[in-house]
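# Analysis of the macromolecular model
One letter stands for each residue in the lines below.
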Amino acid sequence: MADYRIETVRNGDRDWTARNERGAEVRIAPADARTDTPSFTPVELLLAALGGCGGLVVDRTARTADHDELRIVVESVSRPEDDGRVGTVRVSYDLALPEGDARTETIENGIRLTHEKYCTVSRTVEHGARVEAWGPDGTVLFMGG
């Protein structure tokens, strides 16, 4: 099982950069940020993680069926009663295959396995995770999940 570490540093007011240990970076800011630098919102990054994990796992679970044209769209819909959380998440796998194409069953099975068994992000969102927030002095300020 993999352990992950991301460092998020402040660039300015409501402007952050997340970095992994391999040197990759992503900018994080609110959707209404007034900046020339493109960024993702935190929720968009969550959705991107679902799509990226789904794609990486389908690459493995359906590797015997050509799926170079596969496109994954992840959308969320939140309502007031969701109380500040993402409501329903829809992950759509788009691949135009002719009717009766032998790849269809392989790819559909790969998608099912992705969400039932192998995509860590999807399974964590579905089942929840324990979240702990630690303060600068090492005390636990929040524990949930």
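Here we summarise the structure given alongside this text. (Residues numbered from 1 in each chain as written. Predicted model: local features only at pLDDT ≥ 70, side-chain atom pairs only at ≥ 80, totals over all residues. Heavy atoms only, no water.)

Another aspect to go through is the state of the cysteines. Within the structure shown, the criterion is met by one disulfide. Two residues, Cys53 and Cys119, share a disulfide whose sulfurs are 2.4 Å apart. Residue Cys53 is located in helix 1 (residues 42–61), and its partner Cys119 is located in the loop between helix 2 (103–118) and helix 3 (120–127); the two are separated by 66 residues in the primary sequence. Just as Cys53 is buried, Cys119 falls in that class too. (Disulfide = S-S within 2.5 Å. Helix = DSSP H or I, 4+ residues; strand = E, 2+ residues; numbered from the N terminus. Buried < 20%, exposed > 50% of the residue type's maximum accessible area, 1.4 Å probe, protein only.)

Before going further, it helps to spend a moment on helix 2. Of all the positions in helix 2, only Ile107, Gly110, Ile111, Thr114 and His115 are classed as buried. Contacts from the buried residues of helix 2 go to helix 1, strand 5 (88–94) and helix 3. (Contact = heavy atoms within 4.5 Å.)

Further remarks concern the pattern of salt bridges. Taken as a whole, this structure holds 10 salt bridges when the rule is applied. With its nearest N and O atoms 3.4 Å apart, the salt bridge here joins Asp94 to Arg71. Here Asp94 is found in strand 5, whereas its partner Arg71 is found in strand 4 (residues 71–77), with 23 residues between them in sequence. Owing to a relative accessible area of 39%, Asp94 belongs among the partly exposed residues under this scheme. Here Arg103 ties to Asp101 by a salt bridge, and the two come within 2.9 Å at their closest N and O atoms. Exposure remark for Arg103: the relative accessible area of 24% places this residue in the partly exposed category. On the accessibility criterion, Asp101 (19% relative accessible area) is buried. Put simply, Asp66, Asp101 and Arg103 are held in one network by salt bridges that share partners. (Salt bridge = Lys/Arg side-chain N within 4 Å of Asp/Glu carboxyl O.)

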